[in-house]
Amino acid sequence: APTESRGVVIEQLPELRNSLMATDWKSVADAFCEAVEKQSPEDQRAEMAELAQMYDSLNLDQLMDDPKCAVCGEPAEKRCSRCKIEWYCSRKCQVSAWKKHKTLCDALCQSMAAVQAEETQSSAPASAKASVTEIQSNSRIQEL
């Protein structure tokens, strides 16, 4: 059953939609594309990491309806243990869906691992980064 907070959001959606539909979408899209094109790849990654952290810190499960099994639609209590996206009512349903879900799951897990690796690398102390750069420079010199 929906909670009161969900009802408030649902009641506001038509109002937001009408307001958004009244805007000049082409100019909004052009301005967005222009802003993105001006960003460096590092800035884009930093922004995506920030958004990922923000959404990760929110408990979005509270906003969801009760989860349904991705296979049969029954109420679900189990999730894919890797990506945490797909819901299942039983091991049987999870196994039957695995072949189809595996591609998405692998892509999501690789993406999450890449973001975590970059966050780890960007949070390393400057001295550690300098040491890596120094080692790389020394190995290039030895190659010559």
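Notes on the structure follow. All values reported here derive from a predicted model rather than from experimental measurement.

**Let's talk about a negative patch on the surface**
A cluster of acidic residues, Glu42, Asp43, Glu47 and Glu50, forms a negative patch on the protein surface. Within the secondary structure layout, glutamate 47 lies in helix α3 (residues 41–57). A relative accessible area of 36% means that glutamate 47 is categorised as partly exposed.

**With respect to the pattern of salt bridges**
Throughout the structure, instances matching the rule amount to five salt bridges. Of the charged contacts in the structure, one is a salt bridge between aspartate 30 and lysine 26, with a shortest N-O distance of 3.2 Å. One end of the pair, aspartate 30, and the other, lysine 26, are both in helix α2 (residues 25–38), four residues apart, so they sit about a helical turn from each other. Relative accessible area serves as the criterion here: at 59%, lysine 26 is assigned to the exposed category. Residues participating in the shared-partner salt-bridge network are Arg82, Lys102 and Asp106.

Conventions adopted
Residues numbered from 1 in each chain as written. Predicted model: local features only at pLDDT ≥ 70, side-chain atom pairs only at ≥ 80, totals over all residues. Heavy atoms only, no water. Patch = residues over 30% accessible without salt bridge, like charges linked within 9 Å, V, L, I, M, F, W, Y side chains within 5 Å. Areas by Shrake-Rupley, 256 points an atom, 1.4 Å probe, with all protein chains shown as cover. Salt bridge = Lys/Arg side-chain N within 4 Å of Asp/Glu carboxyl O. Lys, Arg positive; Asp, Glu negative; His and termini not counted. Charge placed at Lys NZ, Arg CZ, Asp CG, Glu CD. Helix = DSSP H or I, 4+ residues; strand = E, 2+ residues; numbered from the N terminus. Buried < 20%, exposed > 50% of the residue type's maximum accessible area, 1.4 Å probe, protein only.

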